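Residues per chain, in single letters:
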Amino acid sequence: RARLKIVLRSKRLGFSLEATKAYLDLYDADRTNPERLLSMMQKCRQRLHELEAQRRDLEATINELRAVELSAQDDLRLLNLDPEAEFQAFMADHS
């Protein structure tokens, strides 16, 4: 069940099959072998570093998109339009 959750989350986040397999392999590691445990730690730290970098990139992209949306709302207001009402009407016409 835990493995299925990992696979589904990995798919939802857009991870490759190779990355998902590597993640699952961490759970299947021999936990009595010190060398294997150290290797597992190294792989965990590497993946954490990669994910933290992706999170920073996602946050930057989210912030940029919010700024663009706010700018569009401001421009609609300059045209004497209610941004939310116009958006709702737009969505109704384009769904």
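Just above, that's the structure.
About the cut-offs
Residues numbered from 1 in each chain as written. Predicted model: local features only at pLDDT ≥ 70, side-chain atom pairs only at ≥ 80, totals over all residues. Heavy atoms only, no water. Axes fitted to C-alpha atoms, helices over the stretch in contact; angles between N-to-C directions. Helix = DSSP H or I, 4+ residues; strand = E, 2+ residues; numbered from the N terminus. Parallel < 35°, antiparallel > 145°, perpendicular 65-115°, else oblique. Left-handed = near helix turned anticlockwise from the far one by under 90°. Contact = heavy atoms within 4.5 Å. Nonpolar A, V, L, I, M, F, W, Y, C, P; charged D, E, K, R; others polar. Phe/Tyr/Trp six-rings, centres within 6.5 Å; stacked < 30°, edge-to-face > 60°. Lys NZ or Arg CZ within 6 Å of the ring centre and 35° of its normal. Buried < 20%, exposed > 50% of the residue type's maximum accessible area, 1.4 Å probe, protein only.

Engineer: Can you help me understand the packing of helix α1 (residues 2–12) against helix α2 (residues 17–27) in this one?
Structural biologist: When two helices pack together, their arrangement is captured by the angle between the axes and the distance separating the axes. Where α1 meets α2, the axes come as close as 10 Å, and the angle between the chain directions of the two elements is 155°. Here α1 is positioned roughly antiparallel relative to α2, judged by the angle of their axes. Of the two possible hands of crossing, α1 and α2 adopt the one that is right-handed. Residue-level contacts link Arg 3, Ile 6, Val 7, Arg 9 and Ser 10 of α1 to Thr 20, Tyr 23, Leu 24 and Tyr 27 of α2. Here the residues of the contact of α1 with α2 are counted per class, giving 5 nonpolar, 2 polar and 2 charged.

Engineer: Whenever I open this one, the packing of aromatic side chains confuses me. Can you help?
Structural biologist: In this description, a pair of aromatic rings is defined by centroid distance and the angle of the planes. Counting across every chain of the model gives 0 aromatic pairs. Above the ring of Phe 15, the side-chain terminus of Arg 47 is found at 4.5 Å from the ring centroid.

Engineer: What am I meant to see in the side chain of Thr 20 here?
Structural biologist: Relative to the elements of secondary structure, Thr 20 occurs in helix α2. Since its relative accessible area comes to 8%, Thr 20 is described here as buried. Excluding anything up to four places from it in sequence, Thr 20 contacts Val 7, Ser 10 and Phe 15.

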